[in-house]
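Residues per chain, in single letters:
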Amino acid sequence: LKRAARLAPAPCRWNSGLPMNIGVLFVPQQEAWVVERMGKFHRILEPGLNFLIPLLDRIRYVQSLKEIVINVPEQSAVTLDNVTLQIDGVLYLRVMDPYKASYGVEDPEYAVTQLAQTTMRSELGKLSLDRVFRERESLNASIVDAINQASDCWGIRCLRYEIKDIHVPPRVKESMQMQVEAERRKRATVLESEGTRESAINVAEGQKQAQILASEAEKAEQINKAAGEANAMLVKARAKAEAIQLLAAALAQQHGNAAASLSVAEQYVNAFSKIAKDSNTVLLPANTGDVTNMVAQALGIYTTLTKPQAVKTQDEMPPAHEDSHSSATEVLKAEQGSSS
């Protein structure tokens, strides 16, 4: 039944019936009336007022010059990868030459419809299933070009062809849905991995910048600390130098030695008062109770350090040598006496 329906002729289009020749005729706009005189083509009436000879002239064809829309019935087509599809479409035509449309083919609309079906089957056989859905525009353009090449002698021009519906077998449709789901899962996995990679890169960059900033801060801190310590040492050295200068000036005054002796004695007493407070182990000199002796020793050390050394000349060197020689002789004699 489907095969018979596909092969059955399309219904004829009657925009207006064949008018009778009464001598004076009014042709509507966008219509062309083909007139035969005594069974032979005579002329084509233009829209408007026209005059004909009754009984001799006969209006044989009425062609509409408007754009015609034809529904292409659904048909089966096999793709390049052996998938059977049910596909239909819509065809847009226009009569360009009423003479060829009247005498070139018996039923121009039916002929163009059949040509569109056969061309669509042949074009689908060149494409795989995936390309059919991706290249619908190119498929429509190919069908239009094929129809125009064949319908040029019919006085008809195909303006465009549009595929309405493409019906896929249920199993193939399920496979396509599974493929789409797998593709979407793949995209989601790829996007998630890219997001993880970008996140790791951002974290690493942040850690790198943090380490760089921390090292720069530590470097600046060390520089500032070193500069502060240097300045502190300079201030301490200057203060110590000034203190030494003041001490030297004080000692140079009258009774300066007595004041130094008093200061040393006070420091000695304070030092012995702090003994055994920080540790249980204490080392004491033999004459701890002889404060006068300790002060005398400290003052002697101080006097030795502060006493200017006399410049020894070359003339004074021999007596010193003799004294040392005599002292050495006395030491040898003492040793000999002890040994005897």
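Rules of the game
- Residues numbered from 1 in each chain as written.
- Predicted model: local features only at pLDDT ≥ 70, side-chain atom pairs only at ≥ 80, totals over all residues.
- Heavy atoms only, no water.
- UniProt positions renumbered as here; feature names shortened; annotations may be inferred.
- Helix = DSSP H or I, 4+ residues; strand = E, 2+ residues; numbered from the N terminus.
- Buried < 20%, exposed > 50% of the residue type's maximum accessible area, 1.4 Å probe, protein only.
- Contact = heavy atoms within 4.5 Å.
- Phe/Tyr/Trp six-rings, centres within 6.5 Å; stacked < 30°, edge-to-face > 60°.
- Lys NZ or Arg CZ within 6 Å of the ring centre and 35° of its normal.
- Patch = residues over 30% accessible without salt bridge, like charges linked within 9 Å, V, L, I, M, F, W, Y side chains within 5 Å.
- Areas by Shrake-Rupley, 256 points an atom, 1.4 Å probe, with all protein chains shown as cover.
- Salt bridge = Lys/Arg side-chain N within 4 Å of Asp/Glu carboxyl O.
- Core = buried A, V, L, I, M, F, W, Y, C linked by side-chain atoms within 4.5 Å.
- Pairing = 2+ DSSP bridges.
- Axes fitted to C-alpha atoms, helices over the stretch in contact; angles between N-to-C directions.

- In the annotation of an unreviewed UniProt entry, the entry for the protein chain reads Stomatin-like protein 2, mitochondrial, and the organism field reads Irena cyanogastra.
- According to the UniProt record, the Sequence similarities (unreviewed entry) comment for the protein chain is "Belongs to the band 7/mec-2 family."

Observations concerning the overall build of the protein chain
Working step 1: Looking only at helices and strands, the protein chain has nine helices and eight strands in total.
Working step 2: The proportion of buried residues among the 340 residues of the protein chain is 22%.

Digging into the environment of Leu-56
Working step 1: Position of Leu-56 relative to the elements: it lies in the loop between strand E4 (48-51) and strand E5 (57-64).
Working step 2: With residues up to four places along the chain from it excluded, the contact list for Leu-56 reads Glu-36, Arg-37 and Met-38.

Some details on the packing of aromatic side chains
Working step 1: Enumeration over the complete set of coordinates arrives at four aromatic pairs.
Working step 2: Ring geometry for Phe-41 versus Tyr-103: centroids 6.0 Å apart, planes at 80 degrees, classification edge-to-face. Highlighted residues: Phe-41 in strand E3 (residues 40-45) and Tyr-103 in helix H2 (residues 98-103), separated in sequence by 62 residues.
Working step 3: Ring plane angle 45 degrees and centroid distance 5.1 Å describe the contact between Tyr-99 and Tyr-103, whose orientation is recorded as tilted. Of the two residues, Tyr-99 and Tyr-103 both sit in helix H2, four residues apart, roughly one turn of that helix.
Working step 4: Residue classification places Tyr-99 among the partly exposed residues on the basis of a relative accessible area of 39%.
Working step 5: Among the residues examined, Tyr-103 registers a relative accessible area of 32% and is labelled partly exposed.
Working step 6: A connected cluster of aromatic rings, assembled from ring pairs, spans Phe-41, Tyr-61, Tyr-99 and Tyr-103.
Working step 7: Stacked on the ring of Tyr-61, the Lys or Arg Arg-60 has its end atom at 4.9 Å from the ring centre.
Working step 8: Seen from the ring of Tyr-92, Arg-160 lies directly overhead, with NZ or CZ sitting 4.3 Å from the centre.

Describing a nonpolar patch on the surface
Working step 1: Taken together, the side chains of Val-24, Phe-26, Leu-49 and Phe-51 make up a nonpolar region of the molecular surface, amounting to roughly 430 Å² of accessible area.
Working step 2: Mapped onto the nonpolar patch, the elements with two or more residues apiece are strand E1 (24-27) and E4.
Working step 3: Mapping Phe-51 onto the fold places it in strand E4.
Working step 4: Classification of Phe-51 by relative accessible area gives exposed; the value is 53%.

Let's talk about the nonpolar core
Working step 1: In terms of nonpolar packing, the biggest core is built from 32 residues, with Leu-91, Leu-93, Ile-147 and Tyr-161 touching the most fellow members.
Working step 2: When residues in this core are grouped by element, the largest group, six residues, is from helix H3 (residues 108-124).
Working step 3: Leave out the neighbours within four places in its chain, and Leu-93 touches Lys-66, Glu-67, Ile-68, Ile-70, Val-112, Ile-156, Arg-157 and Cys-158.
Working step 4: By size, the runner-up hydrophobic cluster in this structure holds eight residues, among which are Leu-25, Leu-45, Leu-52 and Val-62.

Some details on the pairing of strand E6 (residues 67-78)
Working step 1: Note that E6 and strand E7 (residues 84-95) share ten bridges and pair antiparallel. What sits directly across from Val-69, in E7, is Tyr-92.
Working step 2: Between the antiparallel neighbours E6 and E7 lie five residues, among them Asn-82 with a positive phi of about 60 degrees.

Topic: the pattern of salt bridges
Working step 1: Applying the stated criterion across every chain, the model contains six salt bridges.
Working step 2: With its nearest N and O atoms 3.8 Å apart, the salt bridge here joins Arg-187 to Glu-183. Highlighted residues: Arg-187 and Glu-183, both in helix H6 (residues 170-252), separated by four residues, approximately one helical turn.
Working step 3: For Arg-187, a relative accessible area of 51% translates into the label exposed.
Working step 4: A salt bridge links Glu-198 to Arg-197; the nearest nitrogen and oxygen atoms lie 3.7 Å apart.
Working step 5: Classification of Arg-197 by relative accessible area gives partly exposed; the value is 47%.

Topic: the sheet that holds E7
Working step 1: Overall, antiparallel pairing links the three strands, which are arranged E6-E7-E8 in an open sheet. Unpaired on one side and paired on the other, E6 and strand E8 (156-167) mark the two borders of the sheet. With strand direction ignored, the average angle separating the axes of adjacent strands in the sheet is 20 degrees.
Working step 2: Where E7 and E8 come together, nine bridges link them in antiparallel fashion. By the bridge assignment, Arg-94 is partnered in E8 with Arg-157.
Working step 3: Relative to the sheet, H3 contacts E6, E7 and E8, its axis offset from that of E6 by approximately 40 degrees.
Working step 4: Against the sheet, helix H5 (residues 136-151) touches E7 and E8, its axis set at about 140 degrees to E8.

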